[in-house]
Amino acid sequence: MAFITPDLTAAAVALTALAIVSIVALRGWRDWIQLKRDELAAGHGPVAIAHDATVPHAGSRIELADLKERLRKLEAIAAGVDL
C-alpha cells in the first residue's frame, strides 16, 4: 500500500470528476444538436414566427443595401467625386 499516496488519490478523484463532467456536457451538447436538427426538419426555428409576405427576408435586405451602396459609389465615380 505504499504506492497510494494522498496526491495520487486526489489526482484520481479529480480525473474521475473531470471525466464525469465531460461526459455529461457531451451528452447535453448532442441532445441540443438533435433538438436543433428536429426544429430544422420541422421547418421552423426555435420560435415559430409567422412570416409576413410583405416583409423582405433579412438576406434580401442585406443584398439590396449592398447594391444601393455599389450604385452610390458608381454614381460618385461617374460624377467625378472622390470618395
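First, a word on what this report is: a plain description of the structure on this page. A quick note: this is a predicted structure, and the numbers were derived from the prediction, not measured. (Residues numbered from 1 in each chain as written. Predicted model: local features only at pLDDT ≥ 70, side-chain atom pairs only at ≥ 80, totals over all residues. Heavy atoms only, no water.)

## Regarding the overall build of the chain
When its secondary structure is counted, the chain shows two helices and zero strands. Classification of the 83 residues of the chain by burial places 2% in the buried group. Only carbon and sulfur atoms are counted for the fraction: they give 69% of the accessible area of the chain, which is about 7,700 Å². (Helix = DSSP H or I, 4+ residues; strand = E, 2+ residues; numbered from the N terminus. Buried < 20%, exposed > 50% of the residue type's maximum accessible area, 1.4 Å probe, protein only. Areas by Shrake-Rupley, 256 points an atom, 1.4 Å probe, with all protein chains shown as cover.)

## Looking at helix α1 (residues 6-42)
Each turn of an α-helix holds 3.6 residues, which means side chains three or four residues apart point in the same direction. Compared with the 54 Å implied by 1.5 Å per residue over 37 residues, the 54 Å span of α1 between its first and last C-alpha is a close match. Among the residues trailing α1, glycine 43 stands out with phi positive, at a value near 95°. (Expected span 1.5 Å × (residues − 1).)

## A closer look at the packing of aromatic side chains
Scanning all chains against the criterion turns up one aromatic pair. With a centroid separation of 5.5 Å and an interplanar angle of 25°, the aromatic rings of tryptophan 29 and tryptophan 32 are classed as stacked. Remark: tryptophan 32 and tryptophan 29 occur in helix α1; sequence separation between them is three residues, near one turn of the helix. The partly exposed category is assigned to tryptophan 32, whose relative accessible area is 43%. (Phe/Tyr/Trp six-rings, centres within 6.5 Å; stacked < 30°, edge-to-face > 60°.)

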